[in-house]
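The chain contents come next:
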Amino acid sequence: MIRPLLTTLEARTESLRRVKYIRDIDKIPHIPPEERERLKQIAQRYVFRANDYYLDLINWDDPDDPIKRLIIPCEAELNDWGKLDASNEEAVTVARGLQHKYPDTALLLCNEVCGAYCRYCFRKRLFMNDNVEVTNDLSEGLAYIAKNPGIRNVLLTGGDPLLMSTRRLWQTLEALRQIPHVEIIRIGSKIPAFDPWRLLRDLELQEAFREFSTPGKRIYLMAHFDHPRELTSVAVEGIDCFIRCGVICVNQCPLIKGINDDADVLATMFRRLSYIGCQPYYLFQGRPTAGNESFKVPIVRGWEVFSEALRRGSGLARRARFVMSHETGKIEILAVDDQHIYLRYLRAKDPALRGQFMIYKRDDEACWLDDLEPAEGLGAPKFPSSSPFSVLDGPE
Ligand code: SF4
């Protein structure tokens, strides 16, 4: 009789846990002091933040531990490589905190803080002191969305929207639900991996999701798990809590060298995500972002890892797509053979490119569209946008 009671109390205490954040590398005793001194130089350029729960997932005996690689700075971040804004998001920023690249989709950058900072982040510029792309005042962005009836789909992103206060999140969801043409609200967040208790311990936030994720207009969580080791029992409970609050969960993550560029790792993650009701959605080719050289995976190798991971999964785990978020649009990597790489625009800034199928020469070193050369005699995208592929140009 006593044991179940204790279990309940333990579970309750655990469900109320608050993670402790750190920004000071000196607070990580597992890293030798002289290494900490070197890493502090890197953290001055690209900010460091982590928490006790996530640091506990690291196996400090393994110098190549993927979780360590994900959040602990490394010296290669100072290499002169890539751009801070590799997809030129600035060009589609139409109001403070609002990006509008495709007619039906708007991105609200509503927070410049994350649960921890992924070292490979493609938006690391937002965490730098002089950033002006994110705003706490969403009124301008919301007014823009309200004035544009073509916007059906709003992604809250940042930074991490789930680190906003519950009050601000509630107000933002409420304001979006008052705009009749906004049908889908998506929340891009790595908090389910960094702090699974965020939703578990916050009854008011659970209520907000129940209120605003309605049978006719769902809220989607675009979760960001990169490695199966992040799918701890409490992380699984956290996803279950989203689902019980009426939120549809999917997962998207980049392909990162030394973290998940391994068919076994990816297949295990896709399988487990599909079991828990968080469907694998997009696997992103890493953007050539400043600081990220040591994380890059060439497109051809990425395709090999991705397609092998899909082969090892069930049909549900096989629904992920391998894509590149290029300045010109979202491009799916469809196939690679001995001579060619086959691509297709899933979404495109230029309406003439929507649905376009493209063939490029195989280049095993290329990491981005700009590195590729069109196949012999095929200087431009090959099929008109009226091709059958263009029907796929729906919401991203
Ligand atoms: S959680 Fe997302 S936005 Fe934040 S550091 Fe990681 S990749 Fe960047």
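Here is what the cut-offs are and how they apply
- Residues numbered from 1 in each chain as written.
- Predicted model: local features only at pLDDT ≥ 70, side-chain atom pairs only at ≥ 80, totals over all residues.
- Helix = DSSP H or I, 4+ residues; strand = E, 2+ residues; numbered from the N terminus.
- Rg over C-alpha atoms; globule rule 2.2 N^0.38 Å.
- Buried ≥ 20, exposed ≤ 12 C-beta atoms within 10 Å, placed from the backbone.
- Arc of directions from axis to C-beta.
- Contact = placed C-beta atoms within 7 Å.
- Near = placed C-beta within 6 Å.
- Nonpolar A, V, L, I, M, F, W, Y, C, P; charged D, E, K, R; others polar.
- Axes fitted to C-alpha atoms, helices over the stretch in contact; angles between N-to-C directions.
- Parallel < 35°, antiparallel > 145°, perpendicular 65-115°, else oblique.
- Pairing = 2+ DSSP bridges.
- Expected span 1.5 Å × (residues − 1).
- Core = buried A, V, L, I, M, F, W, Y, C linked by C-beta atoms within 7 Å.

## Quick word on the overall build of the chain
Now for step 1: If you tally the helices and strands in the chain, you get twelve helices and 14 strands.
Now for step 2: A globule of 396 residues ought to have a C-alpha radius of gyration of about 21 Å, and the chain, at 21 Å, matches this closely.
Now for step 3: The dimensions of the chain, computed from C-alpha atoms along their principal axes, are 75 × 55 × 45 Å.
Now for step 4: Here the chain holds 396 residues, and the buried ones make up 42% of them.

## Considering helix α5 (residues 139–147)
Now for step 1: Within α5, the full set of buried residues consists of Gly 141, Leu 142 and Ile 145. All buried residues of α5 lie within an arc of 95° about the axis, which places them on one face of the element. More than 90 degrees from the buried face of α5, the exposed residues found are Ser 139 and Lys 147.
Now for step 2: The inward-facing, buried residues of α5 abut β3 (93–95), β4 (98–102), β5 (105–111), β6 (153–158) and α6 (166–177).

## Details of the site of the ligand
Now for step 1: In the neighbourhood of the ligand, the contacting residues comprise Cys 114, Tyr 117, Cys 118, Cys 121, Arg 123, Gly 159, Asp 160, Lys 190 and His 224.
Now for step 2: Of the residues that constitute the shell around the ligand, the class distribution is four nonpolar, two polar and three charged.

## A few points about the packing of α6 against helix α9 (residues 203–212)
Now for step 1: For the pair α6 and α9, the least separation of the axes is 10 Å and the interaxial angle reads 5°. One element, α6, and the other, α9, form an angle in the roughly parallel class. Touching Thr 166, Leu 169, Trp 170, Leu 173, Glu 174 and Arg 177 of α6 are Glu 204, Leu 205, Ala 208 and Phe 212, all from α9.
Now for step 2: Class assignment for the residues of the contact of α6 with α9 results in six nonpolar, one polar and three charged.

## Quick look at the pairing of β4
Now for step 1: For β4, the buried fraction is high: four of the five residues fall into the buried class.
Now for step 2: In this structure, β3 lies alongside β4, joined through two bridges in antiparallel fashion. Following the sheet pairing, Ala 95 is matched in β4 by Leu 98.
Now for step 3: Count of turn residues in the β3/β4 antiparallel hairpin: two residues, of which Gly 97 carries a positive phi of about 80°.
Now for step 4: Strand direction decides the pairing type here: β4 and β5, joined by three bridges, are antiparallel. In the strand pairing of β5, Tyr 102 is matched with Thr 105.

## Some words on unusual backbone geometry
Now for step 1: Cis geometry is adopted by the peptide bond preceding Gly 159, which originates at Gly 158 and carries an omega value of 20°.
Now for step 2: With a phi angle near 50°, Asn 88 is a residue other than glycine that sits in the positive phi range.
Now for step 3: Inspection of the secondary structure assignment puts Asn 88 in the loop between α4 (66–71) and β3.

## Considerations on the sheet that holds strand β10 (residues 278–285)
Now for step 1: Ordered by their spatial adjacency, twelve strands build an open sheet running β3-β4-β5-β6-β7-β8-β9-β10-β11-β12-β13-β14, and the pairing between neighbours is mixed. In this open sheet, the two edge strands, each paired with only one partner strand, are β3 and β14 (357–361). Pairs of neighbouring strands in the sheet enclose a mean axial angle of 30°, with direction left out of account.
Now for step 2: Of the strand pairs in this sheet, β10 and strand β11 (residues 321–326) are connected by three bridges, and their pairing is parallel. Pairing of Tyr 282 across the sheet is with Arg 321, part of β11.
Now for step 3: In this fold α5 packs onto β3, β4, β5 and β6, with an angle of close to 100° to the strand it touches most, β3.

## Description of helix α11 (residues 263–275)
Now for step 1: End to end, α11 covers 18 Å across 13 residues, agreeing with the expected 18 Å (1.5 Å per residue, within 8%).
Now for step 2: Among the residues of α11, Leu 266, Ala 267, Thr 268, Met 269, Phe 270, Leu 273 and Ser 274 are the ones counted as buried.
Now for step 3: Contacts made by the buried residues of α11 are with β9 (248–255), β10 and α12 (299–311).
Now for step 4: A positive backbone phi angle near 85° is found at Gly 277, which sits one or two residues after α11.

## Observations regarding the environment of Lys 101
Now for step 1: By the secondary structure assignment, Lys 101 is in strand β4.
Now for step 2: Excluding anything up to four places from it in sequence, Lys 101 contacts Val 92 and Lys 349.

## As for the nonpolar core
Now for step 1: One finds Ile 71, Leu 108, Val 154, Phe 270 and Phe 306 to be the most contacted residues of the largest nonpolar core, which totals 99 residues.
Now for step 2: Excluding its chain neighbours within four sequence positions, the residues that come into contact with Val 154 are Ala 106, Leu 108, Ile 145, Leu 176, Val 182 and Ile 185.

## Things to note about the environment of Arg 321
Now for step 1: One can find Arg 321 in strand β11.
Now for step 2: Taking the number of C-beta atoms within 10 Å as the measure of exposure, Arg 321 has 17 and is therefore partly exposed.
Now for step 3: Not counting residues within four places of it along the chain, the set of residues in contact with Arg 321 comprises Tyr 282 and Glu 332.

## Description of the environment of Gly 302
Now for step 1: Its place among the elements puts Gly 302 in helix α12.
Now for step 2: Between the alpha carbons of Gly 302 and Cys 367 there is a distance of 9.1 Å; along the sequence they are 65 residues apart.
Now for step 3: Not counting chain neighbours up to four residues away, the residues in contact with Gly 302 comprise Leu 255, Gln 285, Val 297 and Phe 322.

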